[in-house]
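Structure assessment
Residues per chain are reported as follows:
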Amino acid sequence: EKTRDYGTVSEADTAVEQFLKTWVRTTFPDESIVAEESGGEALRIGWTIDPIDGTNFFAHGLTDWSISLSRFVDGEVVLGITYCPPTDEMFWAVKGSGAFVNGIKVKVSDLENPKREIVNLGQDIIRLYNRVDIEEELIKESRTHWAIGSTALALCKLGEGKIDLAVHMKQSIWDIAVGSLFIPEAGGRFRTWDSSPLDFSGKRANDIYADNGSLPQDWPFLS
């Protein structure tokens, strides 16, 4: 099915979300759930579910999509898991315990020169919000720009040290919850543009910036 915001919902989205919701409700019956397809309310302790982040890519037989699950307490993610089935990569982090890919501990890149960086920008920055200024500011001095169908997977790749900087607009909590934990646990930096707390309501309300922790943060859209 096509949705109004250029998105796609597949039978797989619905099936995966139902599977994960059943597991959460069986294992943690008193905790809330905020899921992409069915919504929900974020209480003090709960879970975010993104059954397929990058459904258009999934539907076209590409590999840039992922499944994400996170647990949060009082507006902070304490456990995050993102799985990329096509490549069999499992990214996970527990607060205070580091970030791992398939059991191997990872860290962000040590790049300090912006002219050599690989930048990941959310596709909606131009397509939906026409923020050409952001694209020009971030790409003109970088080495290359990497577009991907899954925000969650891109953020994990940053934590793994494969890319150096990521900027996304109007993200729902299930898109970025894992990255908000995985990147700091890997030694990187993750923040909203105005340093406000993350919005766990499920609205497309989170403008986020992440990098390896050593790149300059003097771009004008950050406050």
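Please read all numbers here as calculations on a predicted model, not as lab measurements. (Residues numbered from 1 in each chain as written. Predicted model: local features only at pLDDT ≥ 70, side-chain atom pairs only at ≥ 80, totals over all residues. Heavy atoms only, no water.)

**As for the overall build of the protein**
So the rule is basically this: Under the scheme used here, helices are H or I runs from DSSP no shorter than 4 residues and strands are E runs no shorter than 2 residues, and both carry numbers assigned from the N terminus. Throughout, exposure labels follow a simple rule: accessible area from a 1.4 Å probe, protein chains only, divided by the maximum for the residue type, with under 20% read as buried, over 50% as exposed, and the rest as partly exposed. Any pair of residues with heavy atoms lying within 4.5 Å of one another is described as a contacting pair. Only four residue types enter the charge count, namely Lys and Arg as positive and Asp and Glu as negative; His and the chain termini do not. The location of each charge is read from NZ of Lys, CZ of Arg, CG of Asp or CD of Glu.
Each helix and strand counted, the protein has 6 helices and 12 strands in total. C-alpha atoms of the protein, sized along the principal axes, occupy 50 × 40 × 35 Å. Classification of the 223 residues of the protein by burial places 49% in the buried group. Counted over contacts in the protein with a minimum sequence separation of 6, partners at least 24 positions apart contribute 61%. Of the side-chain charges in the protein, 22 are positive and 35 negative, and the distance between the mean point of each set is 2 Å.

**Some points on the packing of aromatic side chains**
Going by this rule: For Phe, Tyr and Trp, where Trp contributes only its six-membered ring, two rings pair if their centres lie within 6.5 Å, and the inter-plane angle classes them as stacked under 30 degrees, edge-to-face over 60, or tilted in between.
Across all of its chains, the model carries 9 aromatic pairs by this definition. Each ring, one from Phe91 and one from Phe182, has its centre 6.0 Å from the other, and the planes form 75°; the classification is edge-to-face. Taken together, the positions of Phe91 in strand 5 (residues 89-94) and Phe182 in helix 6 (residues 173-185) put the pair 91 residues apart, joining distant regions of the chain. Residue classification places Phe182 among the buried positions, given a relative accessible area of 0%. Seen from their ring centres, Trp92 and Phe100 are 4.5 Å apart, and the 15° between their planes marks the pair as stacked. For Phe100, a relative accessible area of 15% corresponds to the buried category. Every member of this aromatic cluster is reached through a ring pair, and the members are Trp23, Phe28 and Trp47.

**Points about unusual backbone geometry**
Not every positive phi belongs to a glycine, and Asn130 is a case in point at roughly 55°. For Asn130, the location among the structural elements is in the loop between helix 3 (124-127) and helix 4 (132-139). Accessibility expressed as a relative area gives 57% for Asn130, which makes it exposed. Of note, Lys170 is a non-glycine position whose phi angle comes to about 50°, a positive value. Relative to the assigned elements, Lys170 resides in strand 10 (residues 165-171).

**A few points about the pattern of salt bridges**
Under the convention used in this document: Any carboxyl oxygen of Asp or Glu within 4 Å of a side-chain nitrogen of Lys or Arg constitutes a salt bridge here.
Considering all chains together, one arrives at 9 salt bridges under this definition. A salt bridge links Arg44 to Asp74; the nearest nitrogen and oxygen atoms lie 3.2 Å apart. With a gap of 30 residues between them, Arg44 in the loop between strand 1 (32-35) and strand 2 (45-53) and Asp74 in the loop between strand 3 (66-73) and strand 4 (76-84) connect regions that are remote in the sequence. Of the charged contacts, one joins Glu160 and Lys157 as a salt bridge, the two residues approaching to 3.6 Å between their closest N and O atoms.

**A few points about the sheet that holds strand 4**
Threshold: A pair of strands is considered paired only if DSSP assigns at least 2 bridges between the two. Only C-alpha atoms enter the line fits that serve as axes; for helices the fit covers just the stretch in contact. Angles between N-to-C directions range over 0 to 180 degrees.
The mixed open sheet is built from 7 strands, whose spatial order is 1-2-3-4-5-6-7. On the outer flanks of this sheet lie strand 1 and strand 7 (104-106), each paired with one strand and no other. When the angles between neighbouring strand axes are averaged without regard to direction, this sheet yields 20°. Pairing of strand 4 with strand 5 involves 6 bridges; the strand directions are antiparallel. The residue bridging Ile81 from the neighbouring strand is Trp92, located in strand 5. Strands in contact with helix 5 (residues 151-159) are strand 2, strand 3, strand 4, strand 5 and strand 7; relative to strand 5, the strand with the most contacts, it is inclined by about 75°. The sheet strands contacting helix 6 are strand 1, strand 2, strand 3, strand 4, strand 5, strand 6 (99-101) and strand 7, and the helix crosses strand 4 at an angle near 105°.

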